[in-house]
Each structure stands twice: as structure tokens, then as C-alpha cells.
Amino acid sequence: MAPAPEIVAFVQANPWFASNEEARQDAIAIQSAVDRQHAGLPLAERLEITRRKVRQLHPALFENRRREAPAQVSASRGEGARGANPRGFEALPAEVRREYDRYARALSGKGKPLTKDEWAGYYWENEA
């Protein structure tokens, strides 16, 4: 006799069931108790209760290992694949960028500061 579709879905959604003997044994024991205590619930709901209880016992099996893994692609270093904005802050002459730094330090904490993009926009508008 083939297992119920809910059980097949549970095993597919929980790879630890096939790979971790201790967690599998815990799940079987928990499921037996859940089936007795909540006989009136649909099988899918009883399996979800089991999954939550196994997660409490074995939290490491449910962690997102990809989240802690290093990125597959290195982070962009500013310019990215699109290339630098020819009228952006980085395209300003060095003296104008230094002037912005002095301006930003002098006005720090005195209202909303002018952003680098705004500074570049004003420079390029007046330069043209």
C-alpha cells in the first residue's frame, strides 16, 4: 500500500527525515502521539504539528544554511557592470569632491545635508 500523499509531501519538504536518523525517529514518535491526541484533525495538520515539534528539538536542521554562506558573486565595487555615471559625483573634479567633503563636515548636524548626488547635479547644471 502506498503512503498517503500528505506523507509523501511531508518527506519531500523535510529532507532531514531521510538524512537524520535521530530526527526521523523523533518525528515518528511525535507523529504517533499527535495522531492519538488530535485524531480529528486532517493528516496534513497533524504532520505540521509534528514538523513544528521536531523543529523545536532539532533547530539546526531547519536553519537556512545559505543565509550564513558567503555570497556566490562578489559585491560590486561601486561602478558595477553599468559603468560610472558620467555626470555623477565620482565624475566630478577632485577639488569639487573635496569641497563637498568640507561643506558636509561644516554643516554636519545643522539640518538635512545635501547629498553627493545633489551636489553633483548642481555642479553639472552650472557647468553646462
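Described below are features of the structure shown in this document.

Calculation rules
- Residues numbered from 1 in each chain as written.
- Predicted model: local features only at pLDDT ≥ 70, side-chain atom pairs only at ≥ 80, totals over all residues.
- Heavy atoms only, no water.
- Helix = DSSP H or I, 4+ residues; strand = E, 2+ residues; numbered from the N terminus.
- Buried < 20%, exposed > 50% of the residue type's maximum accessible area, 1.4 Å probe, protein only.
- Contact = heavy atoms within 4.5 Å.
- Salt bridge = Lys/Arg side-chain N within 4 Å of Asp/Glu carboxyl O.
- Polar contact = N/O pair within 3.5 Å; in protein donor to acceptor, adjacent residues only side chain to side chain.

**Here's the deal with the overall build of the protein chain**
Assigned secondary structure in the protein chain consists of 7 helices and 0 strands. Shown N-terminal to C-terminal, the secondary structure of the protein chain runs as helices and strands in the order α-α-α-α-α-α-α. Burial analysis of the protein chain (128 residues in total) assigns 21% to the buried set. For the protein chain, the proportion of contacts with a sequence separation of at least 24, taken over those separated by at least 6, is 48%.

**Points about the environment of histidine 38**
In this structure, histidine 38 sits in the loop between α3 (21–37) and α4 (43–57). Take histidine 38: its relative accessible area is 32%, and that puts it in the partly exposed class. Put simply, histidine 38 and isoleucine 49 are 11 residues apart on the chain and 9.8 Å apart in space, counted from C-alpha to C-alpha. Histidine 38 has contacts with Arg46 and Ile49, leaving out every residue within four places of it along the chain.

**Side note on the pattern of salt bridges**
Inspection of the entire model under this criterion finds 6 salt bridges. Among the salt bridges present, the one from arginine 102 reaches glutamate 95, with a minimum N-O distance of 2.9 Å. Owing to a relative accessible area of 40%, arginine 102 belongs among the partly exposed residues under this scheme. Here the salt bridges do not stand alone but share partners, grouping Glu48, Arg51 and Arg52 into one network.

**Brief notes about the side chain of arginine 46**
Tracing the backbone shows arginine 46 in helix α4. Within the structure, arginine 46 has its side chain in polar contact with the side chain of aspartate 35 (distance 2.7 Å). In this view, arginine 46 contacts Gln31, Val34, Asp35, His38, Ala39 and Leu41; residues no more than four positions away in its chain are not counted.

**Some thoughts on the environment of phenylalanine 17**
Inspection of the secondary structure puts phenylalanine 17 in helix α2 (residues 16–19). Judged by its relative accessible area of 18%, phenylalanine 17 is buried. Distance in space between the C-alpha atoms of phenylalanine 17 and alanine 27 is 7.9 Å, their sequence separation being 10 residues. Setting aside anything within four residues of it in sequence, one finds phenylalanine 17 in contact with Phe10, Val11, Arg24, Ala27 and Ile28.

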